[in-house]
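Inside the fold
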Amino acid sequence: MAADSLDQIVSLCKRRGFIFPGSEIYGGLQGTFDYGPLGVELKNNLKRLWWKHNVYERDDMEGIETALLTNKYVLRYSGHEAGFVDPLIDNRTTKKRFRFDHLLRDQSLDILDAIAREFGTEPTSDHEGLSMTLLKDPAKAEVALKAAKCVDPTDGKPGDWTQPRTFNMMFKTQVGPVADDESFAYLRPETAQGMFVNFKNVLDSTNRKLPFGIAQQGKSFRNEITPRNFLFRVRELEQMEIEYFVMPGEDERIHEEWIEDHMNWWVEEVGLDREKLNLHEHAKEKLSHYSKRTVDIMYNFPSLGFDELEGIANRTDWDLGSHSRDQANLPLSPNTAEKAMKNEHSTEKLTYFDQPNNKHIVPFVVEPAAGVDRGVLAALCEAYCEEELEGGDKRTVLKLKPALSPIKVAVLPLAKNKPDIVAKAKEIKKMLQADSGMRVVYDDSAAIGKLYRRQDEVGTPFCVTVDFDTLGLGKDGDTSLTDTVTVRDRDTMQQERIRIDELEAYVRKRLR
Ligand code: ATP
């Protein structure tokens, strides 16, 4: 049986050391999580798979890692200072704060209709659209919410609502010892801007020709109004993003290619069930200021239903154009030319010299942007399985793709009080570990059955057991199994006898 609620995943993660609440012994810090011993392995494995697919296996990509502390002008000209906002609202009675569109989403259809009627707009089940409409006249919205008896989901009673307003989600921080109004920087809200402001550096140092891309993985920070649903919505998150630069005119076709490629990646490499994935096309009127088209890859999370795993946007020439000086003399697309702020601070023109046509152009950008934490959560939800075994026993097993498993092999001695068996098991652990780049563990802390269950629960694909036969001490003097071990498969629980000198090759083949 698969996971039917996020609680099962949260509980496994805490119990087995995947993920802990951040700053837990001081009561936590909302929207932060710490990755434990197994969590960090799983997360690194996911990031490695992504990097391999998107950087190493292609011939048109470069990777970078840019600073988290970001000059305020980067986020001014990107449009984040003005536009990276969420709508919020407070209930004066319960003192609770909500993301306004989420509050509308949690109302019954009757109340939603009443809100629209009282405000004087068409009834709709589109809570995001309705929140945008109401924000156009916050005073009138306050009256409408009161008249429609909009309910506070925390106590189920009509709330005493403030006017809805917008809230900028970027974290500011002081840089240097002098605290004045100008000496602040932002913690980046996305990794993307690091790629745009380094466009020229990468282009000049690699001599790339269009189309080519820049990839980056790393932390981003968003002061989410209501962080919730475990790793799904956090304030300190990690992203894996690509900015793929193309000739204007080729953007729409290439956008489609990335959607298909990444949909397949989540299925084939991360192991998500295609049936639990779908595509969500953003409505034109709800697109971000930079986007011509955005398609989200959605995963059906237990407890949450379908929600965003990755967004793939056609960001046009917005970012390169907006970060360039002398915009009036650049061939910008109409949206960017009209809406981008005149740039008075940039020292560069982020253009590309199109040799065949002998002119400078501003490339368009296709951006596949995925969340590492949401990827980890999806992989855990997909892999979680409770099984009833013959004889009525139960086991929890994480059927992770072997490439994602935190531990690849556990080497276990059948008897921990037999020094020769222990020594052999430790020797095999060392042999498998050497130069392998994977985590192999030795464990003798319980009886063999219990050790198998523990490894099943954290998704270890193989358990190698050293027993009396390995040492040539088989029953009735049988030495036919000397220098062999048993290898137990996590999913089938079948055991195979393998020669020690063939073990490494056996494991490697099956980890692929
Ligand atoms: P949402 O609509 O869920 O707030 P978004 O559309 O703002 O997300 P993007 O800006 O497209 O998200 O960011 C790219 C990816 O980063 C998302 O698809 C998601 O996987 C991840 N992400 C964004 N915000 C968060 C968050 N607060 N917590 C965890 N992951 C996040």
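Described below are features of the structure shown in this document. (Residues numbered from 1 in each chain as written. Predicted model: local features only at pLDDT ≥ 70, side-chain atom pairs only at ≥ 80, totals over all residues. Heavy atoms only, no water.)

Looking at the state of the cysteines
Note the following rule: Our working definition of a disulfide is a cysteine sulfur pair at a distance within 2.5 Å. Between buried and exposed lies partly exposed: a residue is buried under 20% and exposed over 50% of the maximum accessible area for its type, with that area taken using a 1.4 Å probe on protein chains only.
By the definition in use, this model includes zero disulfides. For Cys-381, which is in no disulfide, the shortest distance to another cysteine sulfur is to Cys-13 and amounts to 8.5 Å. Cys-381 gets classed as buried once you look at its relative accessible area, which sits at 3%.

Regarding the site of the ligand
For clarity, the threshold we go by: Here, proximity means that at least one heavy atom of the residue falls within 4 Å of the molecule or strand. Under this definition, polar contacts are N or O atom pairs within 3.5 Å; protein pairs additionally need one hydrogen-donor-capable and one acceptor-capable atom, and for neighbouring residues in sequence, both atoms have to be side-chain atoms. Only the protein chains shown count as cover for residues, and all accessible areas are computed by the Shrake-Rupley method using a 1.4 Å probe. Starting at the N terminus, helices and strands are each numbered in turn, a helix being any DSSP run of H or I of at least four residues and a strand any DSSP run of E of at least two.
Residues in close proximity to the ligand total 16 residues, the closest being Glu-224, Arg-233, Val-234, Glu-308 and Leu-309. The contact in question runs from a nitrogen atom of the ligand to an N or O atom on the side chain of Glu-224, over 2.7 Å. Gln-239 places a side-chain nitrogen or oxygen 3.2 Å from an oxygen atom of the ligand. Within the complex, 83% of the 590 Å² of free accessible area of the ligand lies under protein. Elements with a minimum of two residues in the shell around the ligand: strand S13 (236-246), strand S16 (305-316) and strand S19 (364-371). Counting residues per element, the shell around the ligand draws most heavily on S16, which supplies four residues.

Observations regarding the sheet that holds strand S11 (residues 184-187)
Put simply, the test is: Here the rule is simple: two strands pair whenever DSSP picks up at least two bridges between them.
Across the sheet, three strands lie side by side as S4-S11-S10; this open sheet has antiparallel pairing. In this open sheet, the two edge strands, each paired with only one partner strand, are strand S4 (69-70) and strand S10 (171-174). As defined by bridge partners, S4 adjoins S11 across two bridges and the pair is classed as antiparallel. Bridging across to S11, Leu-69 finds its partner in Leu-187.

A closer look at the pattern of salt bridges
What counts here: Salt bridges are identified by distance alone: a Lys or Arg side-chain nitrogen within 4 Å of an Asp or Glu carboxyl oxygen.
Inspection of the entire model under this criterion finds 42 salt bridges. For Arg-76, the salt bridge identified is with Glu-81, shortest N-O distance 2.6 Å. Of the residues examined, Arg-76 reaches a relative accessible area of 24% and is grouped as partly exposed. Note on Glu-81: relative accessible area 22%, which makes it partly exposed.

Here's the deal with helix H14 (residues 372-383)
Definition in use: Expected helix span is taken as 1.5 Å per residue step, with the number of steps being one fewer than the number of residues.
A rise of 1.5 Å per residue sets the reference length of H14, with its 12 residues, at 16 Å; its end C-alpha atoms lie 16 Å apart and thus fit the reference within 8%. The buried fraction of H14 is high, at 12 of 12 residues. Of all the positions in H14, only Val-372, Asp-373, Arg-374, Gly-375, Val-376, Leu-377, Ala-378, Ala-379, Leu-380, Cys-381, Glu-382 and Ala-383 are classed as buried.

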